[in-house]
Amino acid sequence: MNGVLVDITRCVGCGSCAVACKLYNGLNWDVASPAIGEKAALKAHNWTAVETRRIGRDEGKVLRFVKKQCLHCLEPACASACFVSAFKKTREGPVVYNERICVGCRYCMLACPFSIPRYEWDAVYPRVRKCQMCFFRVREGEMPACVSVCPTQALSFGKREELLHEAKARIAAEPNRYINHVYGEHEYGGTSWLYISDVPFEEIGFRTDVSKESIPHWTGRVTKWTLPVAAGWTAILTALYLYTKRRAEAEEGH
Amino acid sequence: MDGFLEHEKEMTRRAFLKMMAGLGLAGLAATAGGCLHHAELSAGGEGWLPYQYNVPGTWPAQVRGRVPIDPSSPSIVRDDRKCILCGQCLEVCRDTQSVLGYYDLPLVDEVVCINCGQCALACPTGALSERDDTEKVWQALEDLNRFVVVQTAPATRVALGEEFGLPPGTWVAGKQVAALRRLGFDAVLDTNFTADLTIMEEATELIKRVKGELPGKPLPQFTSCSPAWVKFCEYYYPDLLPHMSSCKSPQQMFGALAKTYYAKKKNIDPEKIFSVSIMPCTAKKFEAQRPEMNDSGLYWGKPSIRDVDAVLTTRELAKMLKQKGIDLTGLPEEDYDPLMGKCTGGAIIFGATGGVMEAAVRTAYFFITGNEPPPNLLNLTPVRGLSGVKEGAVDVPGVGTVRVAVCHGMANGRQVLEAVRRGRAPWHFVEFMACPGGCIGGGGQPRTAVPPTDEVRARRIASLYDADAKWVWRESHENPEILALYQEFLEHPMSELAEKLLHTEYVSRGHQLRARKTVEAVG
């Protein structure tokens, strides 16, 4: 299982990752909704957004850049919500989307706890769009496009377990530099993308008030009763039916 | 209607079931058609990436990514749509200028950039370029209430022609003046005039430093005309700022004088003057916006007056001319307007690496000895040419041997700076130019060769030295308009008024980054 480690402290905000994403995936540029800068946001054509964050500190402001994209959950809610299985968690790590079978219901967008998927509202045959973690590259042993172009090693690609180890080692080596938290280790059951940072995650646009349980697991606690309840009802109703039938026959027999 | 109804077939139960089964089969087949495709088949990857990135994850790449650019930079803008991630901007920033990678991460609160624009020269797709200020200048030119003065840097006159198909280094000083008049500038003046003035002030300061008359101002003295170099020093060597000459750059000296001396002489309201400069440089845009560059405003008690209102690069001037349909090559040669339009050979060579040093040595020799410098000082070959760090020694009667050094490109500058920091600097005076080749290789110059080559640089430099050799005056102190300026306005070099208008202070930017001396793995 592959993953990517994002070290917020190492990013200089060059935006190479966002450009590489556009180039490799053939995505359009839209000046009105940029992928880099103060107004950067995820869009159907922005699978990666590099946000500019100025954070107040005691010693003055600090400038940080935060790359946002699909986190590629270990147990993705989008895949769980999709009733045609257009989303799939691959064994290589990426959560990929199959536009050929998508019916456009957009349950995935409601289900995603990180609000990542975007919809092509203005297309004739609209698709759901999000980072595919460069599945073809990863399958061939290459890094995702964004990681391959990062000049400062703010992004590193590898086996998720090794990256998790690396993240913890970096935090342990410089405990004064980093917040002691690997974002993505446990969030919603864990994600293939991991983040470490020197500024609190809630200040750079990450939700930290989240469950450690994956969404599919959480909903599974309820939905796992579907079969027993259905079977039970069937049994009860069948029993009632047989009972009333026999009683009716008995009454007729008088 | 009745006949039609008669012919209608009655739907039997069997036919209905057959139809439903057929539709179901068709539906199944269609669904299977979609389902049988692997989910991966539409998982992005419809574009391309440059070859250097298409390697297994563990392989090293030649170069990765690009330089960071602050979207609010006064100097450089980037059109992301044109970027192909070739990495050439990063290489020049890291290897030629030793900026990117020479600081520890994380960032503090700004994108570290010395505004030199070398990245814009190296960019093969034109994604990187100067911030376009031509609209500001068009508006000023159209405003009849404004008196628009323009100054032209030493280096633009040997490069502007390249934008119009002339060979590299073609001398177009007179044509440039004619072109600016045709654009509608009210006064066409010369930065070379204040280049001479810079030499008067800087040579005086040097002599005072040598004599120990300036406490807290050690030797060697550093030149201060290259704003990208000044910012580099403020970032990486703030401890050496006392070495920096307090002289403003020629552009800013001009700006301060245009709205004081020139305004008074011409009897123009300084608030109505719009001061434009044509520069080979993107860092000049930054320099003109430095908050302290409003000394003409302070002179008049109106701090909102800026010394220089707009800075255009050579490329932007060419663009304006082309917008107006002016063909530079067909224009006559014209002369600069009087008062601030005359120059000497010493000012002309400012545009080449070593030029400031050579001009300063000529005038300092005269100031110290009272005699004209010997012929070898008018052709100071040790500081000419394109080697990265050049050294020279000049014997000056009464002082002894004056040792000088010249460097261009900040990676070369670093070698000199490290020597100074370690106290191993035998020099009295060091010239620093941020751009390779000096101003003629500035980030705002025509993209005659991409990436820029030494061949083009050498031809532009040769053109400057040719002009110097033929010029009527060779030494800055011979400029009659400079002498008049001191006589009628400033009194003498480093007078109280000269200090106010022509000298400046620097700020340490050492807290804006965590500087390091060697390159961190970047790119």
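Quantities reported herein were computed from a predicted structural model and do not represent experimental measurements.

So, about the overall build of chain B. Along its length, chain B carries 18 helices and 12 strands. Relative to a compact globule of 523 residues, whose C-alpha radius of gyration would be 24 Å, chain B shows 30 Å and is clearly more extended. By residue count, 59% of the 523 residues in chain B fall in the buried class. Considering only intrachain contacts with a sequence separation of at least 6, the fraction spanning at least 24 residues in chain B is 78%. In chain B, which carries 57 positive and 63 negative side-chain charges, the distance between the mean positions of the two groups comes to 3 Å.

The next thing to look at is the sheet that holds strand β3 (residues 49–57) of chain A. Within a beta sheet, neighbouring strands are joined by backbone hydrogen bonds and run either parallel or antiparallel to one another. Residues and elements named next belong to chain A. Strand order in the open sheet made by the three strands is β2-β3-β4, with mixed pairing throughout. Two strands close off the open sheet at either side, each with one partner strand: β2 (36–37) and β4 (60–68). Inspection of the sheet shows β3 paired to β4 by nine bridges, in the antiparallel sense. Bridge assignment links G56 to a residue of β4, and that residue is K61.

Turning to the layout of surface pockets, a few remarks are in order. When its volume is computed, the largest pocket comes out at roughly 810 Å³. In this structure, the largest pocket is lined by 32 residues; those nearest its centre are P34(A), I36(A), P71(B), R78(B) and D80(B). Looking at the lining of the largest pocket, the elements that each hand over two or more residues are β2, β3 and β4 of chain A together with β1 (76–78) of chain B. Here the residues of the lining of the largest pocket sort into 14 nonpolar, six polar and 12 charged. Looking at the second largest pocket, its volume works out to about 360 Å³. Among the residues forming the lining of the second largest pocket, the class breakdown is 10 nonpolar, three polar and eight charged.

Right, let's get into the nonpolar core. Taken as a class, soluble globular proteins show a tendency for nonpolar side chains to be buried jointly. Residue and element names in this part refer to chain B. With 113 residues, the main nonpolar core has W229 and Y236 as its most contacted residues. Sequence-distant contacts of Y236, that is, excluding residues within four places in its chain, are made with S98, V99, Y102, Y103, V112, R414, R421, L513 and A515. Ranked by size, the runner-up nonpolar core spans 33 residues in total, among them I349, A359, M433 and A467.

The next thing to look at is the side chain of T223(B). Residues and elements named next belong to chain B. Inspection of the secondary structure puts T223 in the loop between β6 (221–222) and α8 (227–236). Look at T223 and you get buried, because its relative accessible area is 0%. In terms of polar contacts, T223 uses its side chain to reach the backbone amide nitrogen of F432, at 3.0 Å.

Right, let's get into the state of the cysteines. One pass over the structure, following the stated rule, counts zero disulfides over all chains. Among the cysteines around C11(A), which has no disulfide bond, C17(A) carries the closest sulfur, lying 6.5 Å off.

Let us now look at the interface of chain A and chain B. Taken together, the contact pairs 47 residues of chain A with 45 residues of chain B. Summing the contributions of chain A and of chain B, the shared interface buries around 3900 Å²; its carbon and sulfur component is 59%. For the chain A face of the interface with chain B, the top three residues by lost area are V12(A), L23(A) and R100(A), together amounting to 14%. Linking chain A with chain B are zero salt bridges. Linking chain A to chain B there are 16 residue pairs in polar contact (both at pLDDT 80 or more). Mapped by element, the contributors of at least two residues to the side of chain A that touches chain B are α1 (16–25), β4, β6 (95–97), α4 (135–139) and α5 (145–149) of chain A. When residues in the side of chain A that touches chain B are grouped by element, the largest group, six residues, is from α1(A). Considering only residue class, the side of chain A that touches chain B consists of 24 nonpolar, 12 polar and 11 charged.

This part covers the packing of aromatic side chains. This structure, assessed with the given rule, holds 21 aromatic pairs over all chains. A centroid spacing of 4.9 Å and a plane angle of 55° characterise the contact between Y183(A) and F206(A), whose relative ring orientation is tilted. You can see Y183(A) sitting in the loop between α6 (160–173) and β10 (193–196) and its partner F206(A) sitting in the loop between β10 and α7 (215–223), a full 23 residues away along the chain. By relative accessible area, Y183(A) is classed as buried at 1%. One aromatic cluster in this structure is built from Y183(A), Y195(A), F201(A) and F206(A). Taking the ring centre of F286(B) as reference, the NZ or CZ of K231(B) above it sits at 4.3 Å. One residue, K322(B), lies across the ring of F164(B), its end atom 5.3 Å from the ring centre.

Residues and elements named next belong to chain B. Looking at where D295 falls in the secondary structure, it is placed in helix α11 (residues 295–299). Remark: the alpha-carbon pair of D295 and D327, spanning 32 residues in sequence, is separated by 37 Å. In this view, D295 contacts K248, D307, K500, L501 and H503; residues no more than four positions away in its chain are not counted.

Take the sheet that holds strand β9 (residues 389–396) of chain B next. Residue and element names in this part refer to chain B. The four strands are arranged β6-β11-β10-β9 in an open sheet whose pairing can be described as mixed. Sheet topology places β6 and β9 at the edges, where each strand pairs with a single neighbour. Two strands pair when backbone bridges link them, and strand β10 (residues 400–408) and strand β11 (residues 429–433) are joined in this way by five bridges, in the parallel orientation. Across the sheet, the residue bridging to V404 is F429, located in β11. Contacting β6, β9, β10 and β11, helix α15 (residues 410–421) crosses the sheet at an angle of about 150° to β11.

The rules behind the values
Residues numbered from 1 in each chain as written. Chains lettered and ligands numbered in written order. Predicted model: local features only at pLDDT ≥ 70, side-chain atom pairs only at ≥ 80, totals over all residues. Heavy atoms only, no water. Helix = DSSP H or I, 4+ residues; strand = E, 2+ residues; numbered from the N terminus. Rg over C-alpha atoms; globule rule 2.2 N^0.38 Å. Buried < 20%, exposed > 50% of the residue type's maximum accessible area, 1.4 Å probe, protein only. Contact = heavy atoms within 4.5 Å. Lys, Arg positive; Asp, Glu negative; His and termini not counted. Charge placed at Lys NZ, Arg CZ, Asp CG, Glu CD. Pairing = 2+ DSSP bridges. 1 Å grid on protein atoms, 1.4 Å probe; cavity = no way out; pocket = protein on both sides within 12 Å on 5 of 7 lines; lining within 4 Å. Points joined across faces, edges and corners; volume = space filled by probe spheres on them. Nonpolar A, V, L, I, M, F, W, Y, C, P; charged D, E, K, R; others polar. Core = buried A, V, L, I, M, F, W, Y, C linked by side-chain atoms within 4.5 Å. Polar contact = N/O pair within 3.5 Å; in protein donor to acceptor, adjacent residues only side chain to side chain. Disulfide = S-S within 2.5 Å. Buried area = accessible area lost by both parts, 1.4 Å probe. Salt bridge = Lys/Arg side-chain N within 4 Å of Asp/Glu carboxyl O. Phe/Tyr/Trp six-rings, centres within 6.5 Å; stacked < 30°, edge-to-face > 60°. Lys NZ or Arg CZ within 6 Å of the ring centre and 35° of its normal. Axes fitted to C-alpha atoms, helices over the stretch in contact; angles between N-to-C directions.

Limitation: the analysis is restricted to geometry and does not speak to function.
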